[in-house]
Amino acid sequence: MDENTFLTKTGECQVTESEIIISRETVAGRLSTALFGPTVAKAFGMYLVVGLVLLVNGVFFLYDGQVHLGLVLLLSAFLLVGSIIKNRILSSTSRISLSEISKIEPYPPLTGFRGFFVIHFTRNNKKLQRIIILPGAARDGKAEYKKAKRIIDGISL
């Protein structure tokens, strides 16, 4: 791994002079690609199906007189579908040209959580976001975040 490459949750990320390249070369990355494919559409589709099942069951339980369970299921459905709507601008692209990037937001790892970066970019006149999630504590996530932050800070936007 060279000096402009850092580990991610599912592979690694390389920053070149002209682009950011994200690969999914670990076991978790290959499993994720096998289950969901190269895009986020299949995952969003599965979440939508679960949300609709929760919605239908919530209405059924409300009609059946089980108000508390019905409300919990309806609330869960609305939160799930709402998160899909909120995150519809997410992209799973593996290559982002540095000229397309408008902003990179770093989020350092908190206790028990992973650090990540949100890359804001424009492609085909559409504003998109790509999230790069870093390894967790088991794979020395704090040190990897520091390395990634140093590399990302070196990008001139």
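Residues numbered from 1 in each chain as written. Predicted model: local features only at pLDDT ≥ 70, side-chain atom pairs only at ≥ 80, totals over all residues. Heavy atoms only, no water.

Glancing now at the overall build of the protein chain. Assigned secondary structure in the protein chain consists of 4 helices and 7 strands. For the protein chain, the succession of helices and strands along the chain, N to C, is β-β-β-α-α-α-β-β-β-β-α. Here the C-alpha radius of gyration of the protein chain, 19 Å, is well above what a compact globule of 157 residues would show, namely 15 Å. With the C-alpha coordinates of the protein chain rotated into their principal frame, the extents come out at 60 × 40 × 25 Å. Within the span of the protein chain, comprising 157 residues, buried residues form 33% of the whole. Pairs at least 24 apart in sequence give 48% of the contacts found in the protein chain among residues at least 6 apart. Put simply, the protein chain shows about 10000 Å² of open surface, and 62% of that area lies on carbon and sulfur atoms. (Helix = DSSP H or I, 4+ residues; strand = E, 2+ residues; numbered from the N terminus. Rg over C-alpha atoms; globule rule 2.2 N^0.38 Å. Buried < 20%, exposed > 50% of the residue type's maximum accessible area, 1.4 Å probe, protein only. Contact = heavy atoms within 4.5 Å. Areas by Shrake-Rupley, 256 points an atom, 1.4 Å probe, with all protein chains shown as cover.)

Inspection of the entire model under this criterion finds 4 salt bridges. The salt bridge partner of Arg123 is Glu100, with a shortest N-O separation of 2.8 Å. Taken together, the residues Arg123 in strand 6 (residues 116–123) and Glu100 in the loop between strand 4 (95–97) and strand 5 (101–107) connect sequence positions 23 residues apart. For Lys149, the salt bridge goes to Asp153, with nearest N and O atoms at 3.0 Å. Taken together, the residues Lys149 and Asp153, both in helix 4 (residues 141–153) and 4 residues apart, mark about one turn of the helix. We classify Lys149 as partly exposed; its relative accessible area is 25%. (Salt bridge = Lys/Arg side-chain N within 4 Å of Asp/Glu carboxyl O.)

Right, let's get into helix 3 (residues 67–86). The end-to-end C-alpha distance of helix 3, which contains 20 residues, comes to 28 Å, matching closely the 28 Å that a straight helix rising 1.5 Å per residue would cover. Every buried residue of helix 3 is listed here: Gly70, Leu73, Leu74, Ala77 and Ile84. All buried residues of helix 3 lie within an arc of 100 degrees about the axis, which places them on one face of the element. Residues His68, Leu75, Phe78, Leu79 and Lys86 are exposed on helix 3 and point more than 90 degrees away from its buried face. (Expected span 1.5 Å × (residues − 1). Arc of directions from axis to C-beta.)

Let us now look at the side chain of Arg130. Assignment of secondary structure puts Arg130 in strand 7 (residues 126–133). The charged side chain of Arg130 is buried without a salt bridge, its nearest counter-charge being Glu100 at 11 Å. Side-chain polar atoms of Arg130 contact the backbone oxygen of Thr93, separated by 2.9 Å. When residues no more than four places from it in sequence are discounted, the contact partners of Arg130 are Ile22, Ser91, Ser92, Thr93, Ile96, Phe117, Val118, Ile119 and Phe121. (Lys, Arg positive; Asp, Glu negative; His and termini not counted. Polar contact = N/O pair within 3.5 Å; in protein donor to acceptor, adjacent residues only side chain to side chain.)

Spatial relationships are all this shows, so hold off on functional conclusions.
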